[in-house]
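Here are the chains, one letter per residue:
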Amino acid sequence: MKSAARVVVIGGGVVGASVLYHLTKAGWKDALLIERGELTCGSTWHAAGGMHTVNGDPNVAKLQQYTINLYKELEQLTGQSCGMHLTGGIMLAGTRERLDWLKMAKARGRYLGMELELIGVDEAAKLFPLMDKRHFVGALFDPIEGHVDPWGVTQAYAKAAQSAGAEVVRHTRVVDLKARSDGSWDVITEGGNVHAEHVVNAGGLWAREVGRMVGLELPILAMEHQYLITEDIPALKGHKEQLHCIDFEGEIYLRQERGGMLLGTYERAGVPWSPVTTPWDFQQSLLPNDLERIAPSLEVGFEHFPTLGDAGIRKVVNGPFTFAPDGNPLIGPVRGLRNFWVACGVMAGFSQGGGVGLALAQWMVEGDPGADVWAMDVARYGDWATPAYTNAKVRENYSRRFRIRFPNEELPAARPLRTTPVYERLVASHAVFGDYCALEHALWFAPSAAEASEEITFHRSSSHAHVGTECRAVAGAVGLLEISNYGKFEVTGAGSDAWLSNIMASRVPKAGRIALTPMLNERGKLIGDFTMCRLANDRVFLICTYAAEDYYRRWFELYPPPAGVTVRPCAMQYVGLSVAGPHSRALLQGLTRSDLSSSAFPFLSFGQMDIGMVPALVGRISFTGELGYEIWVTTEYQRALYELLREAGRAHDLRLFGGRALNAMRIEKSFGTWAREYRPIYGPYEAGLGRFVDLAKGEFVGRAAALEEKESGGKLRLATFTVDAADADAIGDEPIWHDGRTVGWVTSGAYGHRAQRSLALGYIPRALAEVNDGFEIEIIGERRRAHRESAAVIDPSGGLMRA
């Protein structure tokens, strides 16, 4: 084993081998993979090896497409068979709701270039004759689906990497990691030490243990997973290999294994394996069979596929796989640990392993993953993702793997975990809550406790009318919204403005003023959407997306503030309430001695003032598009502020409103939001944020690329559409059609209660940015006529906010 390497990859499963291969392909050939046993000896070796392209996140689906297309290339490169069986696959729907979900999956596939086909039960039965079609109402056929040999794939990655100069060391356990002051690492192993510039934790089942070597507790948990292989089935003899099949209602998956069938399930009574520590001596081992635990799923399987019930069981496999709380991988650099990277929690390794390796290698070599990997970024989890939280959410996610997550469905596990001081007050006002970064926040308010629930659906639910009432109350009088679920940073010190000017695209505002600003990466793409509130020359309050707080903190480490400047995350130290609507100024003015007139405190003003007895930071700004104010207080004052506003608000017809109403109103104003309209695949001019980019202020991160985009015009444009919808609105990821072809995709959608129209935001080619008609948006399989609006459908001039 060499004593020094540019990068050490820890873990020789399919993910680690993929990372090694892609690093060498990207030019980092001085790479070393260290595996404690044989390659594949953790979870990889006993995996069923299934691969598919369909995923709820289109960006993840693209990486899955890449993975599957890579296998033939690997075989040609190395001569190592990947054991690829590209049989095609069929997803069976047993309910109308599941059929709607399949229609939406097919629609997403349109702009991804996927050749998915919705078929009836008769056609499905021809393709998969083992099914009893009485239990189903339709299906989705995917020609790019199948399975591979886990051992062959892993060996192919390793051979390709070795032929390019990488080294693979087996039977050598990493026992510790020591950081050096220059950001490099000493990798301590049983067979000697290696000095590495970079370290990748691809430890799989042992990723937690590797993380703990550097003081990191990764939010991953292994779950026992069982599948069985039947004896030979006579009906299969003499026929071509069966398709892969997913039976959503039965919560099972099937594929042919030689003369029999492989049947696996994600049972609702899932069991975590070794939840605290993974034993180092667990190696190419399986767990005791527990068919009783999956008996309910097997019973459904035998009913839906009667032939299986007549076949004996040849083999049962029970092995552990690791999951993150949301089921997506954890990849990327870790905040606070220079040159330390993770690639773990990849439970669908043969669908995603290639894409994960590609993205991570590009990130390490080029400084950018080359794709939108936010859904997999390790930075999406903060300190709130404790082991107990992870345990609860992983068990929930595992049990729901084949169940629908409706757009208005809030999942109950690990809740309530984090609450603000007004939580009980909101409960008493019949709030219906969602959770965001494990923090409870009100979605909408019901007239009574008995009505504080809604049916889960892809269509408009029973909350629709109540959300409409909230929107009209804001537009007609004044509404009160809790806004604690934003991220916040406090930047202090004499050099604050210079540091902010370098990392933000807009000019830093003067003291007492607010500026909206994108944050760009070196490629000029959107990685942040901030509100800069300048209290004094040496103090700036930043408001941003809370889910991305660790993402931003990691970015700030790449561009650290100078000595004397402090950047302090303070999301839960400052909690907030917002008042919005034409009566909001009168309400607030009655509670403060500060002058809130437009001449004294105009739009985009920010300052310290007392609201009653409560010291507060107040900004004249509102995401609703109405006259409004955001009020930030330290946590101990929030309850008093809430009671004060509620009491004084009685005279002004104040009404509580929640996140659903806010979302509808911001879409009426064509306001984008991070992770929907603003993502690292879009530039500021494409996203309609060009007016917030100050190219004249001097150099800043991403300036050259932003200038190039401005001059070229970019490829896309964010557009607002009114949609001729029925009883369902766009929610995001629907295809946008024009003149009979798919040209773009929806990023957000909602019913605009003030405008009384169904609305959608989405990206289309720049060439169509001035075209108004001829558009359609596909909602649950139906192409609905859409009209591109040239401006916001409510108050396009912005006069209400400035009143």
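Everything here concerns the structure above.
Reading the values: the criteria
Residues numbered from 1 in each chain as written. Predicted model: local features only at pLDDT ≥ 70, side-chain atom pairs only at ≥ 80, totals over all residues. Heavy atoms only, no water. Helix = DSSP H or I, 4+ residues; strand = E, 2+ residues; numbered from the N terminus. Rg over C-alpha atoms; globule rule 2.2 N^0.38 Å. Buried < 20%, exposed > 50% of the residue type's maximum accessible area, 1.4 Å probe, protein only. Contact = heavy atoms within 4.5 Å. Areas by Shrake-Rupley, 256 points an atom, 1.4 Å probe, with all protein chains shown as cover. Core = buried A, V, L, I, M, F, W, Y, C linked by side-chain atoms within 4.5 Å. Expected span 1.5 Å × (residues − 1). Pairing = 2+ DSSP bridges. Salt bridge = Lys/Arg side-chain N within 4 Å of Asp/Glu carboxyl O. Phe/Tyr/Trp six-rings, centres within 6.5 Å; stacked < 30°, edge-to-face > 60°. Lys NZ or Arg CZ within 6 Å of the ring centre and 35° of its normal. Axes fitted to C-alpha atoms, helices over the stretch in contact; angles between N-to-C directions. Parallel < 35°, antiparallel > 145°, perpendicular 65-115°, else oblique. Nonpolar A, V, L, I, M, F, W, Y, C, P; charged D, E, K, R; others polar. Left-handed = near helix turned anticlockwise from the far one by under 90°. Disulfide = S-S within 2.5 Å.

Draft legend 1. Structural detail: the overall build of the protein chain. Secondary structure assignment for the protein chain yields 19 helices and 38 strands. Taken against the 2.2 N^0.38 rule, which gives 28 Å for 803 residues, the C-alpha radius of gyration of the protein chain at 27 Å falls within 12% of a compact globule. Taken over the C-alpha atoms alone, the protein chain extends approximately 80 × 65 × 50 Å along its principal axes. Within the protein chain, the fraction of its 803 residues that count as buried is 62%. For the protein chain, the share of sequence-separated contacts (at least 6 apart) that also reach a separation of at least 24 residues comes to 72%. Total accessible area computed for the protein chain in this model is approximately 29,700 Å², and 49% of it derives from carbon and sulfur atoms.

Draft legend 2. Region of the structure containing the nonpolar core. Residues Tyr71, Leu74, Trp101, Tyr157, Val200, Phe721 and Ile777 are the most contacted members of the largest nonpolar core, which totals 99 residues. Residues in contact with phenylalanine 721, not counting those within four places in the same chain, are Ile736, Ser758, Leu759, Ala760, Gly762, Ile764, Phe775, Ile777, Ala786, His787 and Arg788. Membership of the second largest hydrophobic core comes to 80 residues, among which are Val342, Phe489, Ala515 and Val693.

Draft legend 3. Helix α10 (residues 387-399), seen in detail. Helix length check: α10, at 13 residues, gives a terminal C-alpha distance of 18 Å against a target of 18 Å (1.5 Å per residue), a fit within 8%. Three or more residues of α10 are buried, namely Tyr389, Thr390, Asn391, Ala392, Lys393, Val394, Glu396, Tyr398 and Ser399. Buried positions along α10 lie against β12 (221-230), β15 (260-265), β16 (272-273) and β17 (313-323).

Draft legend 4. Structural detail: the pairing of strand β25 (residues 526-536). Counting buried positions over the 11 residues of β25 gives 9, a clear majority of the element. Both strand β24 (residues 514-520) and β25 contribute to a ladder of 7 bridges, which runs antiparallel. Counterpart to threonine 517 in the pairing with β25 is phenylalanine 530. In this structure, the hairpin formed by β24 and β25 is closed by a connection of 5 residues, where glycine 524 is found at a positive phi of approximately 75°.

Draft legend 5. Molecular detail of the pattern of salt bridges. A complete count under the given rule lists 44 salt bridges for this structure. Between glutamate 209 and arginine 212 there is a salt bridge, and its shortest N-O distance comes to 3.3 Å. With glutamate 209 and arginine 212 both in helix α6 (residues 207-212), this residue pair falls 3 residues apart, about one helical turn. With a relative accessible area of 30%, arginine 212 lands in the partly exposed category. Linking arginine 783 and glutamate 776 is a salt bridge whose minimum nitrogen-to-oxygen distance equals 2.9 Å.

Draft legend 6. Looking closely at the packing of aromatic side chains. Enumeration over the complete set of coordinates arrives at 35 aromatic pairs. A centroid spacing of 5.5 Å and a plane angle of 80° characterise the contact between tyrosine 266 and phenylalanine 402, whose relative ring orientation is edge-to-face. Highlighted residues: tyrosine 266 in the loop between β15 and β16 and phenylalanine 402 in the loop between α10 and α11 (423-428), separated in sequence by 136 residues. Three or more aromatic residues joined by ring pairs form one cluster here, namely Trp101, Phe248, Tyr253, Tyr266, Phe323, Tyr398 and Phe402. Over the ring of phenylalanine 248 we find arginine 98, and its NZ or CZ is 3.7 Å from the ring centre. Directly above the aromatic system of tyrosine 266 lies the positively charged group of arginine 401, at a separation of 5.3 Å from the ring centroid.

Draft legend 7. Here's a closer look at unusual backbone geometry. Cis geometry marks the peptide bond from arginine 415 to proline 416; its omega dihedral reads -15°. Although it is not a glycine, histidine 430 adopts a positive phi angle of roughly 70°. Its place among the elements puts histidine 430 in the loop between α11 and β20 (431-436). What makes histidine 430 partly exposed here is its relative accessible area of 23%. At leucine 604, a position not held by glycine, the phi torsion is positive, near 70°. Structurally, leucine 604 can be placed in the loop between α15 (584-589) and β29 (606-611).

Draft legend 8. Inspection of the packing of helix α1 (residues 14-25) against helix α2 (residues 58-78) at higher detail. Look at α1 against α2: their axes get within 14 Å of each other, and the N-to-C directions meet at 75°. Judged by the angle between their axes, α1 and α2 are roughly perpendicular. Seen from α1, the contacting residues are Tyr21, His22 and Lys25; seen from α2, they are Tyr66, Leu70, Glu73, Leu74 and Leu77. Looking at side-chain class alone, the contact of α1 with α2 contains 5 nonpolar, 1 polar and 2 charged residues.

Draft legend 9. Highlighting the sheet that holds strand β30 (residues 614-619). Here 6 strands make up an open sheet; going across it, the order is β29-β30-β31-β28-β22-β32 and the pairing mixed. The strands lining the two open edges of the sheet, one partner per strand, are β29 and β32 (654-656). Across the sheet, the mean angle separating the axes of adjacent strands is 30° when strand polarity is ignored. Running over the sheet, helix α12 (residues 464-476) touches β22 (478-482), β28 (574-580) and β32 and is turned about 145° from β32. The strands touched by helix α16 (residues 638-649) within the sheet are β22, β28, β29, β30, β31 (628-634) and β32, with β28 carrying the most contacts at an inclination of about 10°.

Draft legend 10. How the structure looks around the packing of α1 against helix α5 (residues 150-163). The N-to-C vectors of α1 and α5 enclose an angle of 25°; their axes lie 8 Å apart at closest approach. In terms of axis orientation, α1 runs roughly parallel to α5. Where α1 crosses over α5, the handedness of that crossing is left-handed. Packed against α1, whose contacting residues are Val14, Ala17, Ser18, Leu20, Tyr21, His22 and Thr24, the element α5 presents Val153, Thr154, Tyr157, Ala158, Ala160 and Ala161 at the interface. Residue composition of the contact of α1 with α5, grouped by class: 9 nonpolar, 4 polar and no charged.

Draft legend 11. Region of interest: the environment of valine 214. By secondary structure assignment, the location of valine 214 is in the loop between α6 and β12. Classification of valine 214 as buried rests on a relative accessible area of 16%. Those residues in contact with valine 214 that sit more than four places away from it in its chain are Leu177, Trp185, Leu337 and Phe340.

Draft legend 12. Seen up close, the sheet that holds strand β37 (residues 775-779). Ordered by their spatial adjacency, 6 strands build a closed barrel running β33-β36-β35-β34-β37-β38, and the pairing between neighbours is antiparallel. When strand polarity is set aside, the average angle formed by the axes of neighbouring strands in this sheet is 45°. Note: β37 against strand β38 (residues 782-789), 5 bridges, orientation antiparallel. By the bridge assignment for β38, phenylalanine 775 is matched with alanine 786.

Draft legend 13. Inspection of the environment of leucine 20 at higher detail. In this structure, leucine 20 sits in helix α1. Leucine 20 sits 13 residues away from valine 7 along the chain, and the two C-alpha atoms are 9.0 Å apart. Among residues more than four places away in sequence, those in contact with leucine 20 are Val9, Ala31, Leu32, Leu33, Ala161, Ala166, Glu167 and Val168.

Draft legend 14. Spatial organisation of helix α3 (residues 96-110). Counted at 1.5 Å a residue, the expected span for α3 with its 15 residues is 21 Å, and the 21 Å between its end C-alpha atoms agrees. Counting buried residues along α3, 11 of its 15 residues qualify, which places the element largely inside the surrounding structure. For α3, the set of buried residues is Arg98, Leu99, Asp100, Trp101, Leu102, Met104, Ala105, Lys106, Ala107, Arg108 and Gly109. Where α3 is buried, its residues contact α2, β4 (89-93), β5 (117-119), β6 (138-142), β34 (735-738) and β37.

Draft legend 15. The arrangement of the state of the cysteines in detail. By the definition in use, this model includes 0 disulfides. Looking at the unpaired cysteine 344, the closest cysteine sulfur is the one in cysteine 41, lying at 17 Å.

Draft legend 16. Highlighting the pairing of β17. Among the 11 residues in β17, 8 count as buried, and that is most of the element. Sheet topology note: the β12/β17 ladder contains 10 bridges and is antiparallel. Across the sheet, isoleucine 229 pairs through a bridge with lysine 315, a residue of β17.

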